[in-house]
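Notes for the structure review
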Amino acid sequence: MSKKNSRKILLLPGDGIGPEVVSEVKKILNWFNSKKSLDFSFEEELIGGASIDVNKIPITDEVFYKSLESDAVILGACGGPKWDNLEFSKKPERALLKLRKELKLFANLRPAICFKQLVDSSTLKPEIVSGLDIMIVRELTGGIYFGEPRGIKPIENNQRQGINTHSYTTNEIHRIAKVAFDLAKKRKNKVTSCEKSNVMEAGVLWREEVQVIKDKEYKSVELNHMLADNCAMQLLRNPKQFDVILADNLFGDMLSDEAAMLTGSLGLLPSASLGAKDKNGKIRSLYEPVHGSAPDIANKNLANPIATILSLSMALRYSLDLDKEADQLDAAVQQVLDDGLRTKDILSKGKKEVTTTEMGDAIISKLK
Ligand code: IPM
Ligand code: MG
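Just so you know, these numbers come straight off a predicted model, no measurement behind them.

**Some details on the overall build of the protein**
Each helix and strand counted, the protein has 12 helices and 14 strands in total. Whereas a compact globule of 368 residues would reach a radius of gyration of roughly 21 Å, the protein reaches 20 Å, a difference of no more than 12%. By residue count, 53% of the 368 residues in the protein fall in the buried class. In the protein, 73% of the contacts between residues at least 6 apart in sequence involve partners at least 24 apart. If you sum the accessible surface of the protein, you get close to 16600 Å²; carbon and sulfur atoms cover 51% of it.

**Notes on the packing of helix α11 (residues 323-338) against helix α12 (residues 356-367)**
Across the interface, α11 lies against α12 with an axial gap of 8 Å and an inter-helix angle of 120 degrees. One way to sum up the angle between α11 and α12 is to call them oblique. Classified by chirality, the crossing of α12 by α11 is right-handed. Facing Q328, L329, A332, V333, Q335 and V336 of α11, the residues of α12 in contact are M359, A362, I363, K366 and L367. Looking at the contact of α11 with α12, its residues break down into 8 nonpolar, 2 polar and 1 charged.

**A closer look at helix α4 (residues 93-102)**
What α4 keeps buried is the set A95, L96, L97, L99 and R100. Contacts made by the buried residues of α4 are with β1 (7-14), α3 (61-69), β3 (72-77), β4 (107-113), β5 (133-139) and β12 (283-289). Once α4 finishes, K104 follows within two positions and takes phi at roughly 55 degrees, a positive value.

**Here we look at the site of ligand 1**
Around ligand 1, a shell composed of E93, R100, R110, R138, Y145 and D253 is seen. In the model, an oxygen atom of ligand 1 is placed 2.8 Å from a nitrogen or oxygen of the R110 side chain. Between D253 and ligand 1, the recorded distance is 2.8 Å, taken from a side-chain N or O atom to an oxygen atom. Notes on ligand 1: free accessible area 320 Å², of which the protein chains cover 76%. When grouped by side-chain class, the residues that make up the shell around ligand 1 number 1 nonpolar, no polar and 5 charged. If you count residues domain by domain, the shell around ligand 1 takes at least three from each of domain 1 (1-114 + 264-368) and domain 2 (133-262).

**Structural notes on the packing of aromatic side chains**
Tallied over the entire structure, the rule returns 5 aromatic pairs. Judged by centre distance (5.5 Å) and plane angle (70 degrees), the rings of W31 and F32 are edge-to-face. In terms of burial, W31 and F32 fall into one category: buried. Taking 5.2 Å as the distance between ring centres and 70 degrees as the angle between the ring planes, the aromatic pair formed by Y168 and W206 counts as edge-to-face. Remark: W206 occurs in helix α7 (residues 201-217) and Y168 occurs in the loop between β7 (159-165) and α6 (170-185); sequence separation between them is 38 residues. Like Y168, the residue W206 is buried in the burial classification.

**Description of the sheet that holds strand β11 (residues 270-277)**
Across the sheet, which stays open at both edges, the 10 strands sit in the order β2-β1-β3-β12-β11-β4-β5-β10-β8-β9 with mixed pairing between neighbours. Since the sheet does not close on itself, it has two edges, and those belong to β2 (40-44) and β9 (222-227), each with one partner. Averaged over all pairs of adjacent strands, the angle between strand axes in this sheet comes to 20 degrees, irrespective of strand direction. Examined bridge by bridge, strand β8 (residues 190-195) and strand β10 (residues 244-247) share 3 bridges and lie parallel to one another. Residue pairing across strands places T192 opposite I245, the latter belonging to β10. Sheet strands touched by helix α1 (residues 18-35): β1, β2 and β3. Its angle to β1, the strand with the most contacts, is close to 160 degrees. Along the sheet, α6 contacts β4, β5, β8, β9 and β10; its crossing angle with β5, the most-contacted strand, is approximately 165 degrees.

**Here's the deal with the domain arrangement of the protein**
One can read the domain layout of the protein as domain 1 (1-114 + 264-368) and domain 2 (133-262). Relative to domain 2, the C-alpha centre of domain 1 lies at a distance of 25 Å. Between domain 1 and domain 2, the contact holds 23 residues from the first and 23 residues from the second. Considering only the surface of domain 1 that becomes buried against domain 2, F106, R110 and A112 emerge as the three largest contributors, covering 32% of it. Along the contact surface separating domain 1 from domain 2 lie 0 salt bridges. Applying the counting rule to domain 1 against domain 2 returns 8 residue pairs in polar contact (both at pLDDT 80 or more). At the level of elements, α4 and β4 are the ones that each hand at least two residues to the side of domain 1 that touches domain 2. With 7 residues, β4 is the single largest residue contributor to the side of domain 1 that touches domain 2. Residues that form the side of domain 1 that touches domain 2 fall into these classes: 14 nonpolar, 4 polar and 5 charged.

**Here's the deal with the side chain of S271**
With respect to the helices and strands, the residue S271 is situated in strand β11. The class for S271 is buried, based on a relative accessible area of 0%. A distance of 2.9 Å separates a polar side-chain atom of S271 from the backbone oxygen of E288. Look past the residues within four positions of S271 in its chain and what remains in contact with it is N108, L109, R110, L286, Y287, E288, V290, S311 and M314.

Calculation notes
Residues numbered from 1 in each chain as written. Chains lettered and ligands numbered in written order. Predicted model: local features only at pLDDT ≥ 70, side-chain atom pairs only at ≥ 80, totals over all residues. Heavy atoms only, no water. Helix = DSSP H or I, 4+ residues; strand = E, 2+ residues; numbered from the N terminus. Rg over C-alpha atoms; globule rule 2.2 N^0.38 Å. Buried < 20%, exposed > 50% of the residue type's maximum accessible area, 1.4 Å probe, protein only. Contact = heavy atoms within 4.5 Å. Areas by Shrake-Rupley, 256 points an atom, 1.4 Å probe, with all protein chains shown as cover. Axes fitted to C-alpha atoms, helices over the stretch in contact; angles between N-to-C directions. Parallel < 35°, antiparallel > 145°, perpendicular 65-115°, else oblique. Left-handed = near helix turned anticlockwise from the far one by under 90°. Nonpolar A, V, L, I, M, F, W, Y, C, P; charged D, E, K, R; others polar. Near = heavy atom within 4 Å. Polar contact = N/O pair within 3.5 Å; in protein donor to acceptor, adjacent residues only side chain to side chain. Domains from an automatic or database assignment. Phe/Tyr/Trp six-rings, centres within 6.5 Å; stacked < 30°, edge-to-face > 60°. Pairing = 2+ DSSP bridges. Buried area = accessible area lost by both parts, 1.4 Å probe. Salt bridge = Lys/Arg side-chain N within 4 Å of Asp/Glu carboxyl O.

What follows is the structure in structure tokens.
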């Protein structure tokens, strides 16, 4: 069999549990290379605190350019208490924000799916979460994360003032709204768009412009507008009312953590951050688990690698045109859960506790 074209993947393990979970992805890529006549070439580089320790900055130009040249970037996590006291612009998280902004990864897809095997791992009642399948579409390169002016400045009477700016333009809203509507068409055809139009002008604009796109290009998709605080409440009250949730950068950040917990554990949720097509038709992309660096359990072989492994599956699907392999990997994860294997974060009575590496090995054994 001839090998499919070589794909360049950049692995950025980062901090905390990042290296442990990305290491399981590496094992899977190696397995695909050896068994499936695929040809992944992958390199590993430092990012976040790990890069600060060696290079004094959270991401070097060299690593940044490598990320531009690869077909997909898979990131573990950035940050941890060790670097908490650094000046803001030097913190590990800046590397992640730089990648998102400069690769123009404006669309962040965060699927929150409650696996049937894990219904009991959620803190919510089984009937509330079983069968849950939500897609959160978070705008990732605008809003208060990047708005100017920003900063902390001294003011009168020995006081200081912290400033951030929340701002969105018509085009920024239109392009993310289209992503949400396109996804909804392949799902249950329903978008709930969240903002705070009751208190923020940028929220009024968001609501109006999402409606413009729906009326113009997506007449058949159901659109509901919801205040973001109400959405946070509805996610707990009746999460199955949602199909696609569309939100800005900050509300999307918060709502996706909340939605993750509905599924049982933050350790299960992958994400894809996608940019626009360039002139060669290539979409820049970054894949990462929704969870953070979890320093409290780092280096203990306890972390759940499933979120990162499912992020690889999203990379296979969205960036590498390898749907069959993505299906195979998703199925392997399901089978391992069917077998009752659980990392500590999703352990329940009668199930078998496994380590990070054992979970990775078990998933590979199902690929065979
Ligand atoms: C996320 C994280 C990041 C964010 C942090 C690590 C900068 O919480 O991806 O959800 O706030 O976007
Ligand atoms: Mg977050």
